[in-house]
Amino acid sequence: MTPPSSAPLDLSGCDREPIRTPGSIQPHGFLLTLSQEGKVLQASANLAHWIGVEAQAACGRPLAEVIGAAAEGLSQDLPGDKLGNRPLYLCTAAINERHFDVLGHVWDGLVLLEFEAALRAEPLDYRHLYPLLGDFLLKVNEKQSVESLAELAAHHVRMVSGFGRVMVYQFDRDGHGHVMAESKEDGYHSYMGQRFPASDIPSQARDLYALSRIRLIQDANYVPAPLVPPQNPVTGQRNDLSFAALRSVSPVHLQYMRNMGTLASMSVSLMVKGKLWGLISCHNETPCPLPFEKRTACEQLGQVLALCIESREDASELQFRLEVRRMMVAMLGNLTKGADVIDNMSGIFPELLRFARAGGVAIVAGDRVLTYGDTPDAAAIEDLVAWLELQGHGSEIYHTDALSQDYPGAAALRRNASGLLAMPISRLHKHYLLWFRPEVVHTIEWAGNPHEKEASGTASGSASDMASIPAPLTPRTSFATWREVIHGVSLPWHVAEIELTGEFRSALLGIALERAEQMAELAEELGRANKELEAFSYSVSHDLRAPLRHIVGFSDLLLESAGSEDTTMRQRFLTNIKESARLAGKLVDDLLSFSQMGRAALRPVEVDMSKLVASCIDKLAIEIGQRNVEWDIAPLPRITADPTFVHLAVQNLLSNAIKFSGQRDPAQIRIWSEQDAQETVFHIADNGAGFNMDYVHKLFGVFQRLHRMEDFQGTGIGLANVRRIVERHGGRAWADSVQGQGATFSFSIPRKLAL
Amino acid sequence: MLKPILLVEDNPNDLELTLVALARSQLANEVVVVRDGAEALDYLLRRGEFAERSEGNPAVTLLDLKLPKVDGLEVLATIRKTASLKSMPVVMLTSSKEEQDLIRSYELGVNAYVVKPVDFKEFVRAIADLGIFWAVLNEPPPGSFRYIPPN
């Protein structure tokens, strides 16, 4: 075979090259496409070379007329409903005294029959495939690391294929290939540990690697044999030869192989979790045929290797995730202990560092910057956070292992902050948790400089094309080791670390939110306490001053009237003094009980409300005196509450009811309750004076009275006490009235106390 | 023709002591007593049980700060918002020395703020002074109460 012309190749079109529909095949065999009825529709142009029939002449004729008796051996497998979409070895056929391994598959509505020239007359023998795989499988179990598995696979593939150099490549996330294992004959250049740039394999070639798991190029100097006619007669398009073993490959790739000094190559795709993880890449300096059964063995070995890698990766991934999650749970446990989440977080700095395998960690809470480990200084961290905010990273996790590529100010931070994992911890504030990873300066050995694609000397196309089309390129010619020192890059963040940081963030926001709610509750409680305190001091200055003034006033009047004979007047002055003194005393008592109510802890137990009401009524005997009171008390449930407090509340309400129904004979007081899943509601209704609903909002305020002193005695603290007691149980208190007809006071106690 | 003094006081003891003090100041003015804020507004706005009273505003309203239903500050606010009442002198008469009450009262446009002295003699003097100043010396704005003595 003659070497191909040295015409320049346009690499700018690499990504668009129709590698699935090259329109030609490699010439170490021939290809026929058949209709479902077995009539030849297309033939490769090299048909005459192999069997002496011109391609053009073959078209339109039944298979048997083209390949003669060999067709009989195939007849049982044709038409195509016995064939699948992947080539199947059908037989080894003799045509014109040559031997061919026949592969068949169905694609695009055609049966594709490939006849690979074979040097033997016997059919393929799969028997030595199994010992090979068995040996590999046996050894696979002994090997632990992915690298050692890859090395084992490389060795076995070389043994089976006879290729001079077998490498196992892994693609990194940028698509660069890294040679992780190699097995080679003496005299072959070693690529072990080197990297091949992503640009060596265009994206559509990667797609094809994923589809079709094995590809053999037997001789890089081959002259392709075009299909005749060039179009698939069923579709009218060029044939999709994705799965054809003889498919012709890109001339760019062939040039690449020649540049590399490799005239035969085979690639086996390693698919891990549905993605192209890497390749087993085989090279030979000289052309190297490889029969189908050996290729199949290599393909299966590749599949076993991929499965092993998958399970190893799964196991180590799982192990890693478990470890990171265990750390996260432990941290969260510690974070919920104190009052301030931010403070708590600084208490677990060492754990935070380990969690993300970081060199330094910083908490930014508004203007506060707390650091631990090796971090940039506070000012640099503040600038960095300002930048994060500007980039809109305030609501999501940001991560990079090369901060200086994103952040202009990072050059100075390279040493300890080449890697950054930033977690916003508040939806409202500029709060961040930042993990820093130091620069890992390392050297990459490229198989050739990946940053240069050598331009060819000759430009194709006219000068006007040059403006819009990038300079034509040739495949690279140098595979000499090219060392690159990488700066400004840290160890990459593990997917699990990033994901679990997300979980950690949700949990933290949960804690923070809960904390915020608690704070809001506390603030509300504090506000109420403050108000009560104000009312307290107010009444000390106001309400308590009044009876004192009255005592003084009436005492003076009493003294002045010493000579008077008006005993009724003097008696009244005396009564006033006594009443004022009594009121002052009661006021002090009430104030004390009210202030105690705010401090004392609730001690909830099960309370039988029927018994509690009965005991309150007993205590009201003195207030009731000779009055005629009709009680209508429904059966009351048991509730969970502080019995002392609830007793006080009920006592107050009953005392009110008695007080305000003082004008009625009989006074009627009704007590009943309602219960649902959430709460128990108690109602106490009287048929007394009632109150004007316009003022109901003042009713439960401290020291508020809706009636004149002499009409209804009281310090105006009873209902405030009731409300306070009920609210401390998590319930509500309210009242209804029709003035002149009576009032109903109600309160609720939750079924489940949230204390 | 003397204008009455409107006394708004809910506490019976305070009422009695205030009336004693006013009597001792020997003012000739009638003292109209109402017992809470709502009643005071009814009187001033001539509604409810006071719908039939004759026109005109009192010479002065002595207003207790802490009252049932509608408190003194609310009454004061309504007085200052009502065109026919807004220039009427109002004196806050209270037990409260709380600064907030004082500030709030002046913000609402009170004419004077008097803390009821605990000592009875001082109390009597304070009420007398108040009565003399506001009911006798002070020239009330036009449209004040035209007092027609009951027959």
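The rules behind the values
- Residues numbered from 1 in each chain as written.
- Chains lettered and ligands numbered in written order.
- Predicted model: local features only at pLDDT ≥ 70, side-chain atom pairs only at ≥ 80, totals over all residues.
- Heavy atoms only, no water.
- Helix = DSSP H or I, 4+ residues; strand = E, 2+ residues; numbered from the N terminus.
- Buried < 20%, exposed > 50% of the residue type's maximum accessible area, 1.4 Å probe, protein only.
- Contact = heavy atoms within 4.5 Å.
- Areas by Shrake-Rupley, 256 points an atom, 1.4 Å probe, with all protein chains shown as cover.
- Buried area = accessible area lost by both parts, 1.4 Å probe.
- Salt bridge = Lys/Arg side-chain N within 4 Å of Asp/Glu carboxyl O.
- Polar contact = N/O pair within 3.5 Å; in protein donor to acceptor, adjacent residues only side chain to side chain.
- Nonpolar A, V, L, I, M, F, W, Y, C, P; charged D, E, K, R; others polar.
- Core = buried A, V, L, I, M, F, W, Y, C linked by side-chain atoms within 4.5 Å.
- Pairing = 2+ DSSP bridges.

A.B. asks: Mind laying out the overall build of chain B, listing which residues take part and the relevant values?
C.D. replies: Scanning chain B for helices and strands turns up 5 helices and 5 strands. For chain B, the proportion of its 151 residues judged to be buried stands at 58%. Across chain B, the fraction of contacts at a sequence separation of at least 24, relative to all contacts at a separation of at least 6, is 66%. Here chain B displays about 6700 Å² of accessible surface, and carbon together with sulfur accounts for 52% of that area.

A.B. asks: Any chance you could break down the interface of chain A and chain B for me, citing the residues and the numbers?
C.D. replies: A common measure of how large an interface is: the accessible area buried when the components associate. Across the contact, 28 residues belong to chain A and 34 residues belong to chain B. Surface buried jointly by chain A and chain B totals about 2800 Å² across both partners, of which 49% is contributed by carbon and sulfur atoms. Where chain A touches chain B, the interface holds 2 salt bridges. Ionic pairing is found between Asp556(A) and Lys121(B), a salt bridge with its closest N-O pair at 3.8 Å. On inspection of chain A and its partner chain B, the count reaches 3 residue pairs in polar contact (both at pLDDT 80 or more). Elements supplying a minimum of two residues to the side of chain A that touches chain B: α16 (495-541), α17 (545-560) and α18 (567-599) of chain A. Residues that form the side of chain A that touches chain B fall into these classes: 10 nonpolar, 8 polar and 10 charged.

A.B. asks: Any chance you could break down the nonpolar core for me, citing the residues and the numbers?
C.D. replies: Residue and element names in this part refer to chain A. With 40 residues, the main nonpolar core has Met-609, Val-650, Leu-654, Phe-745 and Phe-747 as its most contacted residues. When residues of this core are traced back to their parent elements, those giving at least two are α19 (609-619), β23 (638-641), α21 (643-660), β24 (667-675), β25 (679-686), α22 (718-728), β26 (733-738) and β27 (742-750). For this core, the element with the most residues is α21, which contributes 8 residues. The next biggest cluster of nonpolar side chains, apart from the first, holds 36 residues, and it includes Ala-150, Val-160, Met-180 and Ile-280.

A.B. asks: Just give me the short version of the pairing of strand β8 (residues 177-184) of chain A, but keep the residues and values in it.
C.D. replies: Look at any regular strand and the pattern is simple: side chains alternate between the two faces of the sheet. Residue and element names in this part refer to chain A. With 6 of 8 residues buried, β8 is to be regarded as a mostly interior element. What sits between the antiparallel neighbours strand β7 (residues 165-171) and β8 is a turn of 5 residues, in which Gly-175 has the positive phi angle 95°. As paired strands, β8 and strand β9 (residues 195-196) are joined by 2 bridges and run antiparallel to one another. Across the sheet, His-178 pairs through a bridge with Arg-195, a residue of β9.

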